[in-house]
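# Structure at a glance
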Amino acid sequence: MEKLSTLHSRKPDFGWTVKMNHVFPKKGKQKSPVRIRQILPLIPLILRYLVYYCWRWLRGKLTIMDFVKPLNANPICGVPIGGIGGGSIGRGWKGEFCNFQMRPGIYDYNIVDADQFILTILDESGSLLYQNVLSPNRPPKDGSLSKWKWNFPADQAEYTALYPRSWTTYYIKEYDLTLVCRQISPVIPNNYKDSSLPGCVFVWSVENKSDKNYKISITFTFKNGTGSKEDKNGECSGSIFGPNECDNKAIYGVELNQTIHDSSSAYTIACQQTNGVTASRCPYFDPKGSGEEIWNQLAATGKLEEHSASCSSKRKTISKSGKEHAIAVCLQALVAAGNNQDMEFSLVWDMPVIKFGGHSTFDRYYTKHFPSTGNGGPKMCEYALVHYREWEKAIYNWQLPVLDDMRLPAWFKSALFNETYYISDGGTVWLLPDKKEVFTSESDPRSEFGRFGYLEGHEYRMYNTYDVHFYASFALAHLWPKLQASIQYDYRDTILLEDRTRTWFLYNGEIGMKKKKSAVPHDMGDPEVEPYRIVNAYNIHDVSEWRDLNLKFVLQCYRDYCQNKNVDYLKDMWTQLNAVVVKAKQWDTDGDGMIENSNSPDQTYDCWTMNKTSAYCGGLWVASLFAMHKMAEELNAKDASKSFKVDYEKAKIAYQAKLWNGLYYDFDSSKSSHSSTIMSDQLCGLWYLCASGVTEEVFPEQSVESALQMIYKMNVQSFCKGEMGAVNGMKPNGSVDRYAIQSEEVWTGVTYGLSALFIHKGMNTEAFSTAEGIYNTVYNQIGLGFQTPEALYENCNYRSIGYMRPLSIWSIYNAWVKTNEV
């Protein structure tokens, strides 16, 4: 019988797997179609945006959405490293360390050549047989590290990703050796301590299949900074530590103190010396030099010589401003013929205090459980090396029910976990509350679990964008419900407030209030200003009049209550729930019980105009009134329950009368040229009710069945041969609706949500066929895995890489569990 420890650590049968010489069959660019009919109405907005863009640039600020210099993705990304909310580092499937997110909400997209693993093989007598950087990449273009041997044969290595772990296998054929690097980050559902740790563990398993004994050395090198020009600014110091005895093992390492964009920070790398495995380390080498000395040391002995000129014997080595600084740790073991050996390394980063664009500082959540003094790297490295087996066991047990379910397609098992990368790599911050804050309710999770924030996208820098979080929140609600609740309480606290700051709305050029009373904010703010304290960084539209935000607050409260059955939570939200519904009733301009849109993009499709009653917002309204009726029942608020039921019944009748055309719900009731468009997201409100466990008929079942069949036939199968998910808008004649840029886009997260609704309604084949189009396009065709974009186009171009909404894939699993409950 296989040992449990082997089961926990072995490469899974499911995941995203590529050879290191893989070439993606299609190339996409970040480029929206340019159609005169779409652009002409937007010219005033474009001109105002350019003025705003220049104004931000002159103040030294980034725009929250940069449409002037959008990012083209590099198809190299693999499983990012790090826990939740302490920063993140992207790691490519060829071994690159890239995409550093150390500054809150800001990314540095750089490959750092000095961040590597090096393999050295000596024979028993100590003679060098083999030495290579374990990367198929070419030597750095600037001539640095020129004495290192690069270009590992790409056809002799393979990568498998199943977030939060990855496995990279190297075959050293000439010596009959196999090396597997196992990357483990502590991203563990319902574990709020370990999941906050900013770091990871790399376990190298060396298998010697030959008939000879070899001395095997693995060396881990890492440099200061994030690969930007600022890496030369400020003083750096490398300090060795250890041996620190933990669980009968000695831990050796180096801490690299530095300044990253005006903030004190430290990288720490460490390794674990066990019986038969010897550790050595280097507190300094020049990452911009030739790398000759450290390379020659390894070639001579397979160890780092701490007495050498480059590896000073001092416990601390300082680099002055203008110089970059790299450190290294090494493990060596004699691996006998037919045997294997594990070598364990850890990497953590420590930036305990952060400052956004304003003057306020915040403590990261991990400092509640780990050192908060700025020199906690060694302790966190120790903790990681001692506890990573527990992490693996917990991750294995979390993923096992999905991986063992033979009814689920293999691609979905990969997609479900790999899309979860955004929880840690979404510009995420997890903060301790201000010490002066007092939370009056015992149900408020923030006093214990802090504040959680993630960006709308790598390029759309706004925290917890609520219209998008509505889709993405299924991941948090399922995996870390306390963080989902924390976001809900943050939004609750803003609803009855107003911000009279005069704001220039770029869409229409009008000046208005930044935030109105009884309106749910669009976002929790800009990381370059004062998030949580100044909300609504988004200034294209007056979001206080968006039709969907208030309704999405209602539906999230209801879904979360249905999951947790916490009546105190409902009590805490009830005043604000009533306030947002009262405000929403003002949008019923003709008194028929159904709200109307404003003939502007007044909802999450912020370039797609809806007028009068719309399928999207109208459906959210019907669902919200039903949810309010049910929540009032739970609170024994009988009068409110009756009133909301009357409102719901009235709205339901109006919705059906205004929009149902016999096959599906019209896009809107304005009778315009695009009113008859088939919108893939037309049943969004029903999707949320199904996810909440509602079995009552809120929308007529025959209408729902017909609409879903129509969406699948037209928006899925009739678009790109059914191989790219669901296009947002399709005309009944079978042509794509090109009225607006967004009507002809495929929204990855919306497609996952639609697929979940298919499952709720017993259309499993349609569900997995629809969602597979997204996964196959993103991961296998254009290589945008771990940077899934918001939108795709027919020609494989895309918009907004690294986006929040695809976390809605967890709604598919939510639907699967609910429809397969015994």
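Below you will find a few notes about this structure. (Residues numbered from 1 in each chain as written. Predicted model: local features only at pLDDT ≥ 70, side-chain atom pairs only at ≥ 80, totals over all residues. Heavy atoms only, no water.)

So, about the packing of helix 16 (residues 701-717) against helix 18 (residues 764-781). Close contact between helix 16 and helix 18 brings their axes to 11 Å; oriented N to C, the two are set at 30 degrees. When the axis of helix 16 is compared with that of helix 18, the two are roughly parallel. Relative to helix 18, helix 16 is oriented so that their crossing is left-handed. Where helix 16 abuts helix 18, its residues Q709, Y712 and V716 lie against E766, S769 and T770. Its residues assigned to classes, the contact of helix 16 with helix 18 comprises two nonpolar, three polar and one charged. (Axes fitted to C-alpha atoms, helices over the stretch in contact; angles between N-to-C directions. Helix = DSSP H or I, 4+ residues; strand = E, 2+ residues; numbered from the N terminus. Parallel < 35°, antiparallel > 145°, perpendicular 65-115°, else oblique. Left-handed = near helix turned anticlockwise from the far one by under 90°. Contact = heavy atoms within 4.5 Å. Nonpolar A, V, L, I, M, F, W, Y, C, P; charged D, E, K, R; others polar.)

Enumeration over the complete set of coordinates arrives at 38 salt bridges. We note a salt bridge from E344 to R389, for which the minimum N-O separation is 2.6 Å. With E344 in strand 17 (residues 340-350) and R389 in helix 5 (residues 377-403), this pair connects stretches of sequence that are 45 residues apart. In this structure E344 comes out as buried when scored by relative accessible area, which is 5%. Measuring nitrogen to oxygen at the nearest pair gives 2.8 Å for the salt bridge that ties E790 to R805. (Salt bridge = Lys/Arg side-chain N within 4 Å of Asp/Glu carboxyl O. Buried < 20%, exposed > 50% of the residue type's maximum accessible area, 1.4 Å probe, protein only.)

A word on the nonpolar core. If you look at the biggest cluster of nonpolar residues, it comprises 254 residues, and the most contacted ones within it are F202, W204 and F345. For this core, the element with the most residues is helix 13 (residues 615-634), which contributes 13 residues. Not counting residues up to four positions away in its chain, the partners in contact with W204 are F117, L134, Y170, L179, V180, C181, I218, Q341, D342, M343 and F345. One finds C282, W295, L298 and C330 within the second-largest nonpolar core, a separate group that totals 15 residues. (Core = buried A, V, L, I, M, F, W, Y, C linked by side-chain atoms within 4.5 Å.)

Spatially, five strands are ordered 5-4-10-16-14 in an open sheet, and the strand pairing comes out antiparallel. Each edge of the open sheet is held by one strand with a lone partner, namely strand 5 (128-133) and strand 14 (277-285). Each neighbouring strand pair of the sheet contributes to a mean axis angle of 15 degrees, computed without reference to strand direction. In the sheet, strand 4 (residues 116-122) pairs with strand 10 (residues 214-223) via seven bridges, with the strands oriented antiparallel. Bridging across to strand 10, Q116 finds its partner in T221. In this fold helix 4 (residues 292-301) packs onto strand 4, strand 5, strand 10, strand 14 and strand 16 (326-335), with an angle of close to 145 degrees to the strand it touches most, strand 5. (Pairing = 2+ DSSP bridges.)

This paragraph deals with the sheet that holds strand 29 (residues 791-792). A sheet is described by the order of its strands in space; here three strands give the open sequence 28-29-30, paired in antiparallel fashion. The open sheet terminates on both sides in strands that have one partner only, identified here as strand 28 (746-747) and strand 30 (798-799). Where strand 29 meets strand 30, two bridges bridge the pair, whose relative direction is antiparallel. The residue bridging L792 from the neighbouring strand is Y798, located in strand 30.

So, on to the packing of aromatic side chains. Going through the model one piece at a time under the given rule, you end up with 73 aromatic pairs. R559 extends its terminal NZ or CZ atom over the ring of F474, reaching a point 4.6 Å from the ring centre. (Phe/Tyr/Trp six-rings, centres within 6.5 Å; stacked < 30°, edge-to-face > 60°. Lys NZ or Arg CZ within 6 Å of the ring centre and 35° of its normal.)

The next subject is unusual backbone geometry. In this structure, P164 follows Y163 across a cis peptide bond, with omega equal to 10 degrees. Mapped onto the elements, P164 comes out in the loop between strand 6 (157-162) and strand 7 (165-172). Between G242 and the following residue, P243, the backbone shows a cis peptide bond with an omega angle of 10 degrees. Mapping P243 onto the fold places it in strand 11 (residues 236-246). Although it is not a glycine, K671 sits at a positive phi angle of roughly 60 degrees. One can find K671 in the loop between helix 14 (638-659) and strand 26 (678-679).

A few words now on the environment of V582. Following the sequence through the fold, V582 ends up in helix 12 (residues 567-585). Put simply, V582 and P186 are 396 residues apart on the chain and 43 Å apart in space, counted from C-alpha to C-alpha.

Within a regular beta strand, the side chains point alternately toward one face of the sheet and then the other, so they alternate between its two faces. In strand 2 (residues 88-91), alternate side chains face the same way, and those of S88 and G90 on one face and I89 and R91 on the other are all buried. Two strands pair when backbone bridges link them, and strand 2 and strand 3 (residues 97-101) are joined in this way by four bridges, in the antiparallel orientation. Bridge pairing in strand 3 places G90 opposite C98. From the end of strand 2 to the start of strand 3, which pair antiparallel, there are five residues, and G95 there has a positive phi angle of about 95 degrees.

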